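# Coordinate analysis (summary)
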Amino acid sequence: MYNSETWAIILAAGKGQRMGDHTIPKQFMEWEGYPLYWHSALAFARCAFVSRLIFVFPEEWIEAQTNRLKTLQSDLGLPWLAATGGSRRQDSVANALKLIPAICGKVFVHDAARPFLKPDLIIRLHEALSAPLGGVIPALPVTDTIKTQSEGIITGTPDRSKLVAVQTPQLFYLKPLKDAYSSSVPVTDDASLMENAGHKIGIIPGDPDNIKITYSKDLEMLHKNHCRSFRNGFGYDVHKYGGDRPLKLGGVTIPCEYGIYAHSDGDICLHALMDAILGCICLGDIGKLFPESDERFTNISSAILLVEVLSLARENKFQIQHVDLTIVAQKPRIAPFRDEIRKNVARLLSLDPAVVNVKATTEEGLGFTGRVEGIKCYALVSGMQTETARR
Ligand code: CTP
Ligand code: MG
């Protein structure tokens, strides 16, 4: 459909003069392994209605950043273009607008200096834009009293209840925005040019976390765990009875007549647990990590594999907070060993036993556990992931 696309401009062509002395402009500083501007790009990429991004870079950075984007683009899943910045912010926007074809009906304009942007704000803006509005912008109430001044003398006190502080992204219909950009009156945001051209601009509640990095001290905000996320991981494992390996559950050898067939030590509790941890950090499963084809893993103790999985969890800044295991077996009876398994699993995970639970159940004689052909375990791991990229 004509005019149906929505594009987003990410402005990264400023000099960051208010940051003081820094070797590189703030938008190119690394945060969580990526340049600052990349975090806004990921937020737009999470919104299905955004079909293309335009990055605006200073002329002297465009080649290096275009190359960097080529190494990152597979995480984006969106096509992108790069434009050259101008001397004022609005010149940078104007350069980007020139690249946008008429198939695009709406365009977001966003400052790369706001790296905490979340998809929620982008979605709310998109939902709020409809005629007769020409654009929608996020706004927050002003808490300080704002005054006007001239040469150090107060000249007025506007009524605070009528004031709002506005953020980016700002969303506009493309055609009126392009027309408004025929003016070169100096402005500090895009909505101002639209207002000057007589368009109605709506506001929606902004996001207080969507802060702009402006001064050097604002860089501290990058270290305040803005990206804590709660994770649940699920794991499941089965082993068949009849082999000659002793039955081990959670690192505890269970004295019984049922040996098991297995490639490693066949500890279903630790296998399910490792898969649940890998689920939390989105790193596949133990089969991928420790393939059966690799002889190094033949006969290996699951506790040793668990050490490797825990080190991956640490690298990914994931902290386990709770573990719940359910062992399903008709025989042997697990209850007498439950507490020992619980304490041993807690020890292997360096956790307080109070946050580890082990349950046992039968399947009432049904299925392969009911026929005493094997044993299975379900594991649920919950925890917190901090300071990682939002991927
Ligand atoms: N920007 C731009 N082109 C310009 C000026 C600014 O693309 N000629 C971008 C900046 O990279 C930033 C946003 O617009 O993402 C404006 O935020 P601001 O804090 O003003 O950034 P800078 O202009 O870089 O900083 P300063 O004003 O302190 O120099
Ligand atoms: Mg500026």
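This one's a predicted model, so the numbers in the text were calculated from it and none came from an experiment.

## Some words on helix H2 (residues 62-72)
Since the α-helix turns once every 3.6 residues, residues separated by three or four places project in the same direction. Looking only at H2, the buried set comprises Gln65, Thr66, Leu69 and Leu72. One side of H2 holds all its buried residues, which, seen down the axis, span an arc of 120°. The exposed set on the far side of H2, more than 90 degrees from its buried face, consists of Glu63 and Thr71.

## Quick word on the side chain of Asp237
Of note, Asp237 is situated in strand S13 (residues 229-245). Buried charge Asp237 goes without a salt bridge, the closest partner of opposite sign being Lys376 at 12 Å. Side chain to side chain, Asp237 and His239 meet in a polar contact 3.5 Å long. In this structure the side chain of Asp237 is engaged in a polar contact, spanning 3.0 Å, whose partner is the side chain of His271. Contact partners of Asp237, with chain neighbours within four places excluded, come to Ile268, His271, Ala272, Ile375, Lys376 and Cys377.

## Let's talk about the nonpolar core
Within the largest apolar cluster, 48 residues are counted, with the highest numbers of intra-cluster contacts made by Leu249, Leu273, Ile277, Ile341 and Leu349. Mapped by element, the contributors of at least two residues to this core are helix H7 (268-280), helix H9 (302-315), strand S17 (318-328), helix H10 (338-348), strand S18 (356-361) and strand S19 (374-385). Among all residues touching Ile341, those that are not within four sequence positions of it are Leu249, Gly250, Val252, Ile254, Ile327, Ile334 and Val358. Tyr34, Tyr37, Trp38 and Phe44 belong to the second largest nonpolar core, which has 32 residues in total.

## Looking at the packing of aromatic side chains
On inspection of all chains with the given rule, the structure shows 14 aromatic pairs. Geometrically, the ring pair formed by Trp31 and Phe116 is edge-to-face, given 5.3 Å between the ring centres and 85° between the ring planes. Pair noted here: Trp31 is in strand S2 (residues 30-31) and Phe116 is in the loop between strand S6 (104-111) and helix H4 (119-128), with a separation of 85 residues, a long-range link. Since its relative accessible area comes to 3%, Phe116 is described here as buried.

Procedures and definitions
Residues numbered from 1 in each chain as written. Chains lettered and ligands numbered in written order. Predicted model: local features only at pLDDT ≥ 70, side-chain atom pairs only at ≥ 80, totals over all residues. Heavy atoms only, no water. Buried < 20%, exposed > 50% of the residue type's maximum accessible area, 1.4 Å probe, protein only. Helix = DSSP H or I, 4+ residues; strand = E, 2+ residues; numbered from the N terminus. Arc of directions from axis to C-beta. Lys, Arg positive; Asp, Glu negative; His and termini not counted. Salt bridge = Lys/Arg side-chain N within 4 Å of Asp/Glu carboxyl O. Polar contact = N/O pair within 3.5 Å; in protein donor to acceptor, adjacent residues only side chain to side chain. Contact = heavy atoms within 4.5 Å. Core = buried A, V, L, I, M, F, W, Y, C linked by side-chain atoms within 4.5 Å. Phe/Tyr/Trp six-rings, centres within 6.5 Å; stacked < 30°, edge-to-face > 60°.

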